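Structural description and commentary
Here is how the chains run, residue by residue.
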Amino acid sequence: MRGKEVKIKRLIMTLLIVLSLTPTLLVSTTLIVANKSNIDKVTGQDLEAVGSAIIMNIQNYCSRQQTMLTRIAESKLVEDVLVNRVVVDSSVVEYMDNLLLECKNDDKNVVSIAIVDMNFQIIGATGYIDPYEQAELTGMETVLKKKDIYFGNSYHRKSGEGNRQVMFICVPIERGEERIGYVIEEISTEFFDELREETK
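Attention now goes to the environment of Lys158. Its place among the elements puts Lys158 in strand β4 (residues 155–159). Since its relative accessible area comes to 73%, Lys158 is described here as exposed. Put simply, Lys158 and Val111 are 47 residues apart on the chain and 9.7 Å apart in space, counted from C-alpha to C-alpha.

Given below as structure tokens:
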């Protein structure tokens, strides 16, 4: 009989412990689930805010670059060099190249700026070029003729700073209604990495 009483007492104690812990476990589980939901919501909002900030910074940068390139494209000097390049004094081309170099040096992310004609022959640039060299845009004539600004894909470019991953922005140069060439700017993609790091 004594063994039965001990078993009953143990059973009652076990039931009491289980019954007393059950509400605590239910409350704990409910709080964990509620907090996880709140944490997920706040994390989602933070990621959305960071993403929006990065996108806004990229849009602002690209807008500034477009404005600068448009100013170059609308320059009478650039138009004259493109239209009259056979009779233009080499000092005028050198002056234009120096102006391009100044624009490039104003932004550490710019790898190069070049002026090309409609055959993509480089007319002026921020570094030494072979006067017969062609820009790597051949085959893109159809796309570029339809756009006022074009943002290209990224690719590798050897530069004075070594091999760099770049993308290009291309803005047309027009004389009246006639398109006579393009301003091409190569931007280091490291810029986008830096934006991401700054926004963290």
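Here the narrative resumes, following the displayed structure.
Our focus in this paragraph is the side chain of Ser188. Note on placement: Ser188 falls in strand β6 (residues 178–188). A polar contact is formed between the side chain of Ser188 and the backbone nitrogen of Glu190, at a distance of 3.2 Å. Excluding anything up to four places from it in sequence, Ser188 contacts Asn109, Val111, Arg164, Gln165 and Val166.

This part is about the pattern of salt bridges. All told, the structure shown has four salt bridges when counted by the stated rule. When the shortest N-O distance is used, the salt bridge between Lys76 and Asp80 registers 3.3 Å. A residue pair is termed a helical-turn pair when its members lie 3 or 4 positions apart in one helix, as Lys76 and Asp80 do in helix α2 (residues 76–83) at four residues. By relative accessible area, Lys76 is classed as exposed at 53%. The shortest N-O distance in the salt bridge between Arg175 and Glu79 comes to 3.5 Å. Placement of the pair is Arg175 in strand β5 (residues 162–175) and Glu79 in helix α2, with a sequence separation of 96 residues. Through salt bridges with shared partners, a single network forms among Lys76, Glu79, Asp80 and Arg175.

Relative to β5, strand β3 (residues 150–151) runs antiparallel, the two sharing two bridges. When the sheet's bridge partners are listed, Tyr150 is paired in β5 with Cys170. Here ten bridges tie β5 to β6, and the two strands are oriented antiparallel to one another. Within the sheet, the bridge partner assigned to Met167 lies in β6 and is Ile187. Where β5 folds back onto β6 in an antiparallel hairpin, the turn is made up of two residues, including Gly176, whose phi is positive at roughly 65°.

Moving on, we get to the packing of aromatic side chains. On inspection of all chains with the given rule, the structure shows two aromatic pairs. Considering the side-chain rings of Phe120 and Tyr182, the 5.8 Å spacing of their centres and the 10° angle between planes classify their relative orientation as stacked. In this pair, Phe120 sits in the loop between β1 (110–117) and β2 (122–125) while Tyr182 sits in strand β6, placing the two residues 62 residues apart along the sequence. The same class applies to Phe120 as to Tyr182, namely buried. Each ring, one from Tyr150 and one from Phe168, has its centre 5.8 Å from the other, and the planes form 40°; the classification is tilted. Of this pair, Tyr150 sits in strand β3 while Phe168 sits in strand β5, and the two are 18 residues apart along the sequence. Using a relative accessible area of 6% as the deciding quantity, one classes Phe168 as buried.

Okay, α2 next. Turning to α2, its buried residues number three or more, namely Val78, Glu79, Val81 and Leu82. Down the axis of α2, the smallest arc covering the buried residues is 165°, so these residues share one side. The residue sitting at the N-terminus of α2 and contributing the capping side-chain oxygen is Ser75; that oxygen lies 3.2 Å from the backbone nitrogen of Leu77.

All right, on to the pairing of β2 then. The side chains of a regular strand alternate, residue by residue, between the two faces of the sheet. Here β1 pairs with β2 via three bridges, running antiparallel. Looking at the pairing, Ile115 lines up with Gly124 of β2.

This part takes up the packing of α2 against helix α3 (residues 90–105). Running from amino to carboxyl end, α2 crosses α3 at an angle of 135°, the nearest separation of the two axes being 10 Å. Classified by the angle between their axes, α2 and α3 sit oblique to one another. Both α2 and α3 take part in a crossing whose hand is left-handed. Residue-level inspection shows Leu77, Val78 and Val81 of α2 in contact with α3, the latter providing Val92, Val93, Tyr95, Met96 and Leu99. Of the residues assigned to the contact of α2 with α3, the class counts are eight nonpolar, no polar and no charged.

So, how was this worked out
- Residues numbered from 1 in each chain as written.
- Predicted model: local features only at pLDDT ≥ 70, side-chain atom pairs only at ≥ 80, totals over all residues.
- Heavy atoms only, no water.
- Helix = DSSP H or I, 4+ residues; strand = E, 2+ residues; numbered from the N terminus.
- Buried < 20%, exposed > 50% of the residue type's maximum accessible area, 1.4 Å probe, protein only.
- Polar contact = N/O pair within 3.5 Å; in protein donor to acceptor, adjacent residues only side chain to side chain.
- Contact = heavy atoms within 4.5 Å.
- Salt bridge = Lys/Arg side-chain N within 4 Å of Asp/Glu carboxyl O.
- Pairing = 2+ DSSP bridges.
- Phe/Tyr/Trp six-rings, centres within 6.5 Å; stacked < 30°, edge-to-face > 60°.
- Arc of directions from axis to C-beta.
- Axes fitted to C-alpha atoms, helices over the stretch in contact; angles between N-to-C directions.
- Parallel < 35°, antiparallel > 145°, perpendicular 65-115°, else oblique.
- Left-handed = near helix turned anticlockwise from the far one by under 90°.
- Nonpolar A, V, L, I, M, F, W, Y, C, P; charged D, E, K, R; others polar.

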